[in-house]
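Structure at a glance
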Amino acid sequence: MEIDQLSARLKEYDQDHVVRFWEDLNQTEKSELAAQIESIDLPLMKRLSDEWIFPEPEPEAFTEIRSVPTIPQVDPARPDAQEALSAGEEALWHGRVGLLLVAGGQGTRLGFDGPKGAYPIGPLSKDSLFAAHANKIHNLQLRYGCTLPWYIMVSDTNKAASELFFKEHNHFGLDASQIFFFTQSMVPCVDDNGKFMLEAKGRLAMNPNGHGGTYLAMRDNGMLEDARSRGIDTLSYFQVDNWAARVADPYFIGYHILGGGQMSSKIHRKLRPRESVGVHVLCDGEHRTIEYSELDIYPQLLETDAEGNVICDAGNPAIHVLDVGFVEEICEHFDRFPWHLAHKKIPYIDESGIVIQPDQPNGYKFETFIFDALRFVKHDPVALEIPGPGEYTPIKQFEGDNSVQGARATMREYWAEWLEEAGFKVPRDATGSVAIDIEINPEFALTKEEFLAKVGDLAVAGNGDVSIGANGTSPV
Ligand code: UTP
């Protein structure tokens with residue numbers, strides 16, 4: 001599109017200020033800015049600004065909000081768990097399952113120089129998050145004699161670096177042809193007046209459109225078609241920063257299939273009202289996940305009972321199983337999909353072209369959330385309880401809540417139990433906490449049962465760090 005056309009189109013939406021430095025740009029910068037502008041859904045952005053910023057919308061009002069009914073944590077001895085396991089394993093054996101990883105976020109809180117998936121999380125191996133997930137896939141493929149296609153969503157912010165990281169690591173030993181990167185859309189950030197912001201004279205400030213962007217990105221990049229062509233009807237969805245995520249968990253897949261299977265969720269019981277996890281609730285009978293950043297809109301979600309237990313405690317950590325047909329349906333009416341906005345500090349250039357680093361929030365980022373699709377599920381979706389350790393260790397920052405340090409400490413205790421049950425002696429400090437670093441490669445064992453079966457009654461007294469490799473046990 002020529003600049004006159006671009007400018008006229010922007011003017012229609014009162015956004016033509018973004019080409020004010022056009023004459024200062026070189027040819028490449030002009031092409032890049034033009035491409036950015038052409039990628040924007042201007043009517044959508046106008047709708048979002050009109051609905052969300054001028055004026056701030058009234059929150060949806062509900063007469064009754066209550067916790068969602070859940071399936072209790074898997075107990076392999078329970079008949080329902082046995083039935084679920086059979087259904088899940090059958091789907092895996094028959095190659096009906098694909099993996100869907102979202103890794104398109106900006107990872108701002110972690111502040112790591114590179115895609116979050118490249119973060120070296122393994123305390124001993126220094127394996128990255130991507131490698132840790134790949135190791136789980138190796139284990140599953142061997143167990144189920146299948147190839148698990150791995151669809152990985154990235155965004156313009158980390159696509160090139162993520163792809164390069166996979167190449168440099170030889171795709172972590174997986175077959176390059178089973179890995180499919182696809183790119184989610186970006187949306188422009190807007191200032192407090194709903195105007196697009198420039199981060200450089202020739203570049204708009206934009207952000208990935210949230211993990212809810214997975215739906216359209218899967219369709220628009222041919223991933224759904226690819227899945228269909230391989231006979232895949234079930235997608236195991238997980239997030240790159242959940243180190244412990246049980247990828248393609250056969251129990252979960254089985255419960256999903258037996259439960260009518262459109263979209264299922266794992267549920268992590270919240271212990272504190274302000275724990276940083278979305279809450280899965282029934283709002284006047286409709287399934288919703290209220291993100292933790294929006295808890296104050298519904299104060300009843302922060303209430304506790306006489307013993308101090310959170311009443312609506314069904315945390316939804318965004319671990320899902322999705323039916324491919326359901327994803328297709330969501331895409332059909334994505335215009336009804338809700339958006340969320342966050343008021344953030346967004347660096348920008350002012351009218352004279354000077355970069356401003358704001359010290360207060362000065363603009364909005366719009367995002368969609370994967371679990372907002374729950375409201376479109378036609379029957380009660382499966383909500384399967386999980387213990388936090390061994391399933392949910394999100395990594396948002398280096399220390400504190402949901403951090404690298406917290407995740408390593410949790411996994412250390414979790415794996416220490418496996419070792420102790422197998423007869424290893426694990427050094428503990430005076431408070432009873434594990435005193436060494438521990439790491440068990442998920443390629444070797446995904447669960448304690450598998451670990452015990454493989455290790456047998458081998459018992460080793462160890463004083464140093466313990467690392468269990470994929471090819472055997474080797475206390476070091
Ligand atoms: P978060 O919402 O925690 O965001 O993403 P983030 O990008 O990792 O970190 P901050 O908020 O900038 O610090 C949860 C998961 O969803 C993915 C992330 O990559 C992560 O796996 N995600 C998030 C996307 O794939 N796309 C998005 O637009 C947002």
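Data block above holds the structure.
This section reports on the structure supplied with the text.

1. Side note on the overall build of the protein
Looking only at helices and strands, the protein has 12 helices and 23 strands in total. On C-alpha atoms alone, the protein measures out to a radius of gyration of 24 Å, which is about the 23 Å that the 2.2 N^0.38 rule sets for 476 residues. Principal-axis analysis of the C-alpha atoms gives the protein an extent of 75 × 50 × 50 Å. When burial is assessed residue by residue, the protein has 53% of its 476 residues classed as buried. Counting only contacts in the protein whose residues sit at least 6 apart along the sequence, the fraction spanning at least 24 positions is 75%. For the protein, the accessible surface area stands at approximately 21,100 Å², while carbon and sulfur atoms represent 48% of it. Both charge centroids of the protein, one from 42 positive and one from 74 negative side chains, sit 1 Å from each other.

2. Brief notes about the side chain of His-268
You can see His-268 is positioned in strand β11 (residues 263-269). A relative accessible area of 12% places His-268 in the buried class. Within the local environment of His-268, its side chain forms a polar contact with the side chain of Glu-275, the two groups lying 2.7 Å apart. In contact with His-268, not counting residues within four places along its chain, are Glu-275, Val-277, Asp-313, Ala-314, Gly-315, Pro-317, Ile-386, Gly-388 and Tyr-392.

3. Observations concerning the nonpolar core
By size, the foremost hydrophobic cluster in this structure holds 72 residues, and its most contacted members are Trp-150, Ile-152, Trp-243 and Phe-451. Not counting the four nearest positions on each side in its chain, Ile-152 is found in contact with Leu-101, Ala-103, Phe-166, Ile-179, Phe-180, Phe-181 and Phe-182. One finds Met-153, Leu-322, Val-324 and Leu-374 within the second-largest nonpolar core, a separate group that totals 32 residues.

4. Some thoughts on the state of the cysteines
For the coordinates displayed, the defined rule picks out zero disulfides. The thiol sulfur of Cys-283 is not disulfide-bonded, and the nearest other cysteine sulfur, from Cys-312, lies at 8.6 Å. Owing to a relative accessible area of 1%, Cys-283 belongs among the buried residues under this scheme.

5. Looking at the sheet that holds strand β6 (residues 190-191)
Pairing within the open sheet is antiparallel, and its three strands lie in the order β6-β19-β16. The sheet is open, and its two edges are formed by β6 and β16 (340-344), each paired on a single side. With five bridges joining them, β16 and strand β19 (residues 363-367) adopt antiparallel strand pairing. From the neighbouring strand, Ala-342 faces β19, where its bridge partner is Lys-365. Lying on the sheet, helix α3 (residues 42-52) is in contact with β6, β16 and β19; it crosses β19 at an angle near 115°.

6. Some details on the site of the ligand
The full set close to the ligand counts 19 residues, and Gly-104, Thr-108, Lys-116, Gln-184 and Lys-396 are the nearest of them. For the ligand, an oxygen atom lies 2.8 Å from a polar atom in the backbone of Gly-210. Its free accessible area being 560 Å², the ligand has 89% of it covered by the protein chains. When its residues are assigned to classes, the shell around the ligand shows five nonpolar, nine polar and five charged.

7. A short note on the side chain of Asn-362
Position of Asn-362 among the secondary structure elements: in the loop between β18 (355-356) and β19. Only 2.7 Å separates the side chain of Asn-362 from the backbone nitrogen of Ile-346, close enough to count as a polar contact. When residues no more than four places from it in sequence are discounted, the contact partners of Asn-362 are Asp-191, Asp-192, Met-197, His-343, Lys-344, Lys-345, Ile-346 and Tyr-348.

8. Digging into the pairing of strand β20 (residues 383-386)
Covered by surrounding structure in β20 are Ala-383 and Glu-385 together with Leu-384 and Ile-386, the residues of both alternating faces. Pairing between β11 and β20: four bridges, direction parallel. Looking at the pairing, Ile-267 lines up with Glu-385 of β20.

9. Brief notes about helix α10 (residues 324-332)
Listing the buried residues of α10 in full gives Val-324, Gly-325, Phe-326, Val-327, Ile-330 and Cys-331. Contacts from the buried residues of α10 go to α7 (214-220), α8 (223-229), β10 (234-239), β11 and β15 (320-323). Capping the start of α10, Asp-323 holds a side-chain oxygen 3.2 Å from the backbone nitrogen of Gly-325, two or three residues further along.

10. Observations regarding the environment of Pro-188
Note on placement: Pro-188 falls in strand β5 (residues 186-188). Judged by relative accessible area, which is 1%, Pro-188 ranks as buried. Measuring from C-alpha to C-alpha, the distance between Pro-188 and Ser-39 comes to 9.8 Å, with 149 residues separating the pair along the chain. Apart from the residues lying within four places of it in its own chain, the contact partners of Pro-188 are Ile-40, Met-45, Phe-196, Ala-205, Met-206 and Asn-207.

11. Observations regarding helix α11 (residues 404-421)
Look at α11: 26 Å from first C-alpha to last across 18 residues, which is about the 26 Å you get at 1.5 Å a residue. The complete set of buried residues in α11 reads Val-404, Ala-407, Met-411, Tyr-414, Trp-415, Ala-416, Trp-418 and Leu-419. Positive backbone phi, at 100°, marks Gly-423, one or two positions downstream of α11.

12. Side note on the pairing of β10
For β10, the tally of buried residues reaches six of six residues, placing the bulk of the element in the interior. Neither face of β10 is open: one carries Thr-234, Ser-236 and Phe-238, the other Leu-235, Tyr-237 and Gln-239, and all of them are buried. The pairing of β10 with β15 spans four bridges and is classified as antiparallel. Opposite Ser-236, over in β15, you have Val-321 as the bridge partner.

Calculation rules
Residues numbered from 1 in each chain as written. Predicted model: local features only at pLDDT ≥ 70, side-chain atom pairs only at ≥ 80, totals over all residues. Heavy atoms only, no water. Helix = DSSP H or I, 4+ residues; strand = E, 2+ residues; numbered from the N terminus. Rg over C-alpha atoms; globule rule 2.2 N^0.38 Å. Buried < 20%, exposed > 50% of the residue type's maximum accessible area, 1.4 Å probe, protein only. Contact = heavy atoms within 4.5 Å. Areas by Shrake-Rupley, 256 points an atom, 1.4 Å probe, with all protein chains shown as cover. Lys, Arg positive; Asp, Glu negative; His and termini not counted. Charge placed at Lys NZ, Arg CZ, Asp CG, Glu CD. Polar contact = N/O pair within 3.5 Å; in protein donor to acceptor, adjacent residues only side chain to side chain. Core = buried A, V, L, I, M, F, W, Y, C linked by side-chain atoms within 4.5 Å. Disulfide = S-S within 2.5 Å. Pairing = 2+ DSSP bridges. Axes fitted to C-alpha atoms, helices over the stretch in contact; angles between N-to-C directions. Near = heavy atom within 4 Å. Nonpolar A, V, L, I, M, F, W, Y, C, P; charged D, E, K, R; others polar. Expected span 1.5 Å × (residues − 1).

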